[in-house]
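# Structural overview
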Amino acid sequence: MTHLSRRKFLGSVAVAGAAASAAGPLNAQAEAGATAPTPVGIPVGQRIGQDDARYLALRSGNNQRFRATPDYIRMIHTPQDALLAVQEALDAGKKLTVRSGGHCFEDFVCNAQTEVILDMAPMNALGFDEEVGAFFMEPGGMLIDAYERLYKGWGVTLPAGICYSVGVGGHIVGGGYGLLSRKHGLTVDHLHMVEVVVVDEIGKARLVRASSDPADPHHNLWWAHTGGGGGNFGVITRYWFRTPGTSGSDPSDLLIKPPAEVLVNALAFDWEQLTEANFTRLIENFSHWHADNSGPDSPYTSLSSLFNVSHRATGAMGMFTQVDGDDPRAEEILAEYMSALLEGTDLQPRPVVEPIGELPAMPDYLEGARLPWLQATKLVGSNNPTITNPTSRGGHKSAYMKKGFDSRQIAALYRHMSGTDFTNPNTMLVLFSFGGAVNAMAEDATANAQRSSIYKMCFQTFWADPAEDEYYLGWLRDIYEDVFAETGGVPVPNDQMDGCYINYPNRDVADPARNRSGVPWYTLYYKGNYPRLQAVKNRYDPGNVFSHSLSVRRTGT
C-alpha cells in the first residue's frame, strides 16, 4: 500500500494551481456528475496545533485505545474548506485522515501514520435542496440532529442508527441501519447523491458529485458510498437523500415517514434464571423467529429487536423491542413475538430497572407501552457505552447470520458469557434484528452486500486501564474465535453466516494468526462487491491518499 510521494505532490502544485486560477472559484452548485476545479487559498477552518489547548481532546475519537500525534487538526466548515484543506495536506506531503463523529471502532483516523486530521464536525447543516429535489445532510451532523430536524421540519426520517451521537458521515457510507430498517431498508437504500473531495493522479484535489442515476458518469462513485465504508475514496462533504419511487415537489413526500408512535417492550432476564438450558432455548427461539420472519414480504417487518446478551457479570441480559404503532396488529405482533421468544423456557422476565449493556433504565415497559416515535428513538439510544463513558477503551467484532447459531456455537457463547472468573459488566454480544426490506435488494445493488441475513451482531467489551488491553482483547478474541471455530475463527460467508459489517471494523480479520480461514478480510466485509470497489479506488484515489488498516486496496496492491 503506497501513497503519492512527497516529491510528486510538491511537483504537482504548479500544475494544480495554474488549472485552478484559470478555472475560477469552486462552483458549490455543480450539477451531478460534474467536477469543480481546485480553488486557490487557505482553509478558513481553525488549524489546531500541538500548542493549542484543544489538541489533547481532538487527537483521539471515542475509543481511547487509538490516539494520534498529528502535526495539526483542521476544522472543516464548507466543501471549499475541505477542498483547500486536502490540497494543503497534499502539497505538504502529509498523511491525512478524516473524522466525522469520532465513533470509529478502529484506528482508521487516529494512528501512528496520521499527520493531519480533517475534523468535519462544523459541517452539520441539513435541509431540503429544491434544485436537486432531495434532502441534504452534511457529514459532521449527528444522527439525533438528523432525526429531530427531518421529523420536526417535514415529518420524515431515515432508517438510521440507534446510537444517536454517531456522526452522519461515517454511519451512512458504511451502510447504516436501525430499528426501522426491517420495514424501510438501509440508510443507503435512500441515498440519492453524494459530494466528495477526491484526488487525481497528479495530486490535485477536486470536488465531485455522484448520483444514483446509472447514466451519471460518476455513478460508480455513488455506488461505492452505499456501504463501501469511510476513509476509502475521499472526503464526503454532503449527502442527498430521497426514497426511490417517490415523486412530486412536496418534501414531506420524498422520504419515509416514521410511525406517529411505536409500541415498545423492554425486559430483562436475570442471570440467576439463565441455566444453560434456558440460555440455549432463548437464543434458539430468537434465531428461529428471525429465520422465519426475515423475508421482504414478511408480515412482521414492523417489529425490530435489540438483544443484549450480556455477560453474567452484568447481572442480567436485556432486550428492547419496537413495533410500528401504525400497524393495526401491533399488540398482536408483539405478543406473538414474546410468546415465541419464551417458548420452552421457564424464564420470568422483569422490567429493565437499571442499565443493561446498551439499554438504559426504563419505566415498566414489560407489557408494552406506546410512545411517540421520536421519544422512543431518544430513549433507546441514551445508554450506549461510547456516549456514557467517553474515557473508555473498547474492542468490537461483528458478524451477520443467515441462519441461527448452531448448538456448538450456543454452547460456546454460554461458556464464555457465564464464566464467573470474568468480572467486567461492560461486556456483551448485541444481536440486532435484520432482514425484511433490507433483504429486498440484490447483493450488488449497493456496496453493502449482506442482503440475506436474519440478524447481525456486535461482540464488544469496554474498559478504562491501558494496562488491561491485552487481557480484554484476548477475552474478546477467545469468544469470537470459539464461536466461529469451524470456519477459521471468522464468520465466513456460507449458508449459515454472511461475513462482517464494515462499520464495526476489526483489524484481527486481516491477521492470519486470528483469521485462519484462508478467506481474505475484504471478502468478509464486501463479498463479491470488492472488485468493483477496487475499480472505484483506481479511478478516484489512484495515489492511495485515503487509506487505513482496512481500506479498499487498488488493483494489484
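Under the annotation held in an unreviewed UniProt entry, the protein chain carries the name Secreted protein and is attributed to Pseudoroseicyclus aestuarii.

## Things to note about the packing of aromatic side chains
Considering all chains together, one arrives at 36 aromatic pairs under this definition. Arranged with centres 5.8 Å apart and planes meeting at 75°, the rings of Trp289 and Tyr300 form a pair that is edge-to-face. Here Trp289, found in helix α9 (residues 276-292), pairs with Tyr300, found in the loop between α9 and β12 (303-310); they are 11 residues apart in sequence, far enough to count as distant. Trp289 gets classed as buried once you look at its relative accessible area, which sits at 7%. Ring-pair connections join several aromatic residues into one group, and the members of that group are Phe105, Tyr177, Tyr400, Phe432, Phe434, Tyr501 and Tyr504. Taking the ring centre of Tyr501 as reference, the NZ or CZ of Lys456 above it sits at 3.2 Å. Stacked on the ring of Trp223, the Lys or Arg Arg532 has its end atom at 4.0 Å from the ring centre.

## Thoughts on the pattern of salt bridges
The tally for this structure, following the rule as stated, stands at 31 salt bridges. With a closest N to O distance of 2.6 Å, Arg74 and Glu88 form a salt bridge. Highlighted residues: Arg74 in strand β3 (residues 72-75) and Glu88 in helix α4 (residues 79-91), separated in sequence by 14 residues. Of the residues examined, Arg74 reaches a relative accessible area of 4% and is grouped as buried. The shortest N-O distance in the salt bridge between Asp541 and Lys537 comes to 2.7 Å. The residues Asp541 and Lys537 share a single accessibility class, namely buried. Taken together, the shared-partner salt bridges connect Lys402, Glu443, Asp498 and Lys527 into one network.

## So, α9
Compared with an ideal rise of 1.5 Å per residue, which puts 17 residues at 24 Å, α9 spans 24 Å between its outermost C-alpha atoms and is within 8% of the ideal. Within α9, burial applies to Asn278, Phe279, Leu282, Ile283, Asn285, Phe286, Ser287, Trp289 and His290.

## Some words on the domain arrangement of the protein chain
With domains assigned, the protein chain is organised as domain 1 (44-258) and domain 2 (261-527). The gap between the C-alpha centroids of domain 1 and domain 2 is 26 Å. Taken together, the contact pairs 44 residues of domain 1 with 55 residues of domain 2. Across the domain 1/domain 2 interface, buried area totals approximately 4100 Å², and carbon plus sulfur atoms make up 58% of it.

## Here we look at the pairing of strand β6 (residues 126-129)
Pairing analysis gives 4 bridges linking β6 to strand β7 (residues 134-137), with the strands arranged antiparallel. Residue pairing across strands places Leu126 opposite Met137, the latter belonging to β7.

## Things to note about the nonpolar core
Counting 136 residues, the largest nonpolar core has Phe307, Phe405, Met457 and Phe459 as its most contacted members. Among the domains, domain 1 (44-258) and domain 2 (261-527) are the pair contributing at least three residues each to this core. Leaving out residues up to four positions away in the same chain, Phe307 has contacts with Phe269, Leu282, Ile283, Phe286, Met317, Gly318, Met319, Leu429, Val430 and Leu431. Ranked by size, the runner-up nonpolar core spans 20 residues in total, among them Ala89, Met120, Met123 and Val545.

## Considerations on the side chain of Ser418
Tracing the backbone through its elements, the reader meets Ser418 in the loop between α13 (407-417) and β16 (427-433). You can call Ser418 buried: its relative accessible area is 12%. Side-chain polar atoms of Ser418 contact the backbone oxygen of Tyr414, separated by 2.5 Å.

## Some words on the confidence of the model for the protein chain
The pLDDT averaged across the protein chain works out to 92; a share of 91% of its residues lies at or above 70. In the predicted structure, residues 1-33 sits below a pLDDT of 50 and forms 66 contacts with residues beyond four places in sequence or in another chain.

## Comments concerning the sheet that holds β16
One open sheet accounts for 7 strands, arranged β14-β11-β13-β12-β16-β17-β15; its pairing is antiparallel. One side of each edge strand has no neighbouring strand; the edge strands of this open sheet are β14 (369-372) and β15 (393-401). With direction set aside, neighbouring strand axes in the sheet form an average angle of 20°. As paired elements, strand β11 (residues 261-270) and strand β13 (residues 316-324) share 9 bridges and run antiparallel to each other. Within β13, the residue paired with Asp270 across the bridge is Ala316. Most of the contacts of helix α10 (residues 330-342) go to β13, to which it runs at about 150°, and overall it touches β11, β12, β13 and β14. Lying over the sheet, helix α14 (residues 469-483) contacts β15, β16 and β17 (455-463), oriented at roughly 160° with respect to β17.

Cut-offs and rules
- Residues numbered from 1 in each chain as written.
- Predicted model: local features only at pLDDT ≥ 70, side-chain atom pairs only at ≥ 80, totals over all residues.
- Heavy atoms only, no water.
- Phe/Tyr/Trp six-rings, centres within 6.5 Å; stacked < 30°, edge-to-face > 60°.
- Helix = DSSP H or I, 4+ residues; strand = E, 2+ residues; numbered from the N terminus.
- Buried < 20%, exposed > 50% of the residue type's maximum accessible area, 1.4 Å probe, protein only.
- Lys NZ or Arg CZ within 6 Å of the ring centre and 35° of its normal.
- Salt bridge = Lys/Arg side-chain N within 4 Å of Asp/Glu carboxyl O.
- Expected span 1.5 Å × (residues − 1).
- Domains from an automatic or database assignment.
- Contact = heavy atoms within 4.5 Å.
- Buried area = accessible area lost by both parts, 1.4 Å probe.
- Pairing = 2+ DSSP bridges.
- Core = buried A, V, L, I, M, F, W, Y, C linked by side-chain atoms within 4.5 Å.
- Polar contact = N/O pair within 3.5 Å; in protein donor to acceptor, adjacent residues only side chain to side chain.
- pLDDT = per-residue confidence, 0-100.
- Axes fitted to C-alpha atoms, helices over the stretch in contact; angles between N-to-C directions.

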